[in-house]
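Residues per chain are reported as follows:
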Amino acid sequence: PNIAPVLLGQALLQAAETLLLLASLSYLGLGRPPPTPSLGSMLQDARLYFMEQIWAAVAPGIVVFALALALSAMGRSLNRHTSTVKHNWLTGGKEK
């Protein structure tokens, strides 16, 4: 029971990393096959029309950025609130 919040925080941080990894692999063409939609493949497809339709590239990019930022922030916040050791940012040391 005491480890559940820590595991949830770590899972949220890992989910943010996985989202970025999957989007970058799909962008490079190493992800799911083309009929399957993904944010990385949307960015790859929008690259061809960037000068005419900039929103086609900006929208998936903002979604990837916002999701990764939100998951990371939630995970770090949860880890910070459940941690028993407080970190002193001024001196770089740990306080109990």
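Quick caveat, the model's predicted, so the values are computed rather than measured.

Visitor: Even after reading the chapter, I still don't get the side chain of Ser72, so can you show me in this structure?
Guide: Positionally, Ser72 belongs in helix α3 (residues 55-82). Residue classification places Ser72 among the buried residues on the basis of a relative accessible area of 18%. Not counting the four nearest positions on each side in its chain, Ser72 is found in contact with Leu13 and Ala16.

Visitor: Could you clarify how one ought to interpret the layout of surface pockets in this entry?
Guide: Space left empty within the atom packing is revealed by a probe, the size of a water molecule, rolled over the atoms. Taken as a whole, the second largest pocket spans an internal volume of roughly 160 Å³. Ser26, Gly29, Gly31, Arg32, Pro33, Pro34, Thr36, Pro37, Ser38, Ser41, Gln44 and Asp45 are the residues that line the second largest pocket. Classifying every residue of the lining of the second largest pocket gives 3 nonpolar, 7 polar and 2 charged.

Visitor: Mind showing me how you'd approach helix α1 (residues 4-27) here?
Guide: It helps to recall that an α-helix has 3.6 residues per turn; residues three or four apart then point in one direction. In this model, α1 (24 residues) spans 34 Å end to end at C-alpha, consistent with the 34 Å of a helix rising 1.5 Å per residue. For α1, the complete set of buried residues consists of Gly9, Leu12, Leu13, Ala16, Leu19, Ala23 and Ser26. Where α1 is buried, its residues touch α2 (39-46) and α3.

Visitor: Sorry if this is basic, but what is going on with a nonpolar patch on the surface here?
Guide: Residues Phe50, Met51, Ile54, Trp55, Val58 and Ile62 make up a contiguous nonpolar surface patch of about 680 Å² in total accessible area. Assignment of secondary structure puts Val58 in helix α3. Residue class for Val58 comes out partly exposed when judged on its relative accessible area of 37%.

Reading the values: rules and limits
- Residues numbered from 1 in each chain as written.
- Predicted model: local features only at pLDDT ≥ 70, side-chain atom pairs only at ≥ 80, totals over all residues.
- Heavy atoms only, no water.
- Helix = DSSP H or I, 4+ residues; strand = E, 2+ residues; numbered from the N terminus.
- Buried < 20%, exposed > 50% of the residue type's maximum accessible area, 1.4 Å probe, protein only.
- Contact = heavy atoms within 4.5 Å.
- 1 Å grid on protein atoms, 1.4 Å probe; cavity = no way out; pocket = protein on both sides within 12 Å on 5 of 7 lines; lining within 4 Å.
- Points joined across faces, edges and corners; volume = space filled by probe spheres on them.
- Nonpolar A, V, L, I, M, F, W, Y, C, P; charged D, E, K, R; others polar.
- Expected span 1.5 Å × (residues − 1).
- Patch = residues over 30% accessible without salt bridge, like charges linked within 9 Å, V, L, I, M, F, W, Y side chains within 5 Å.
- Areas by Shrake-Rupley, 256 points an atom, 1.4 Å probe, with all protein chains shown as cover.
- Salt bridge = Lys/Arg side-chain N within 4 Å of Asp/Glu carboxyl O.

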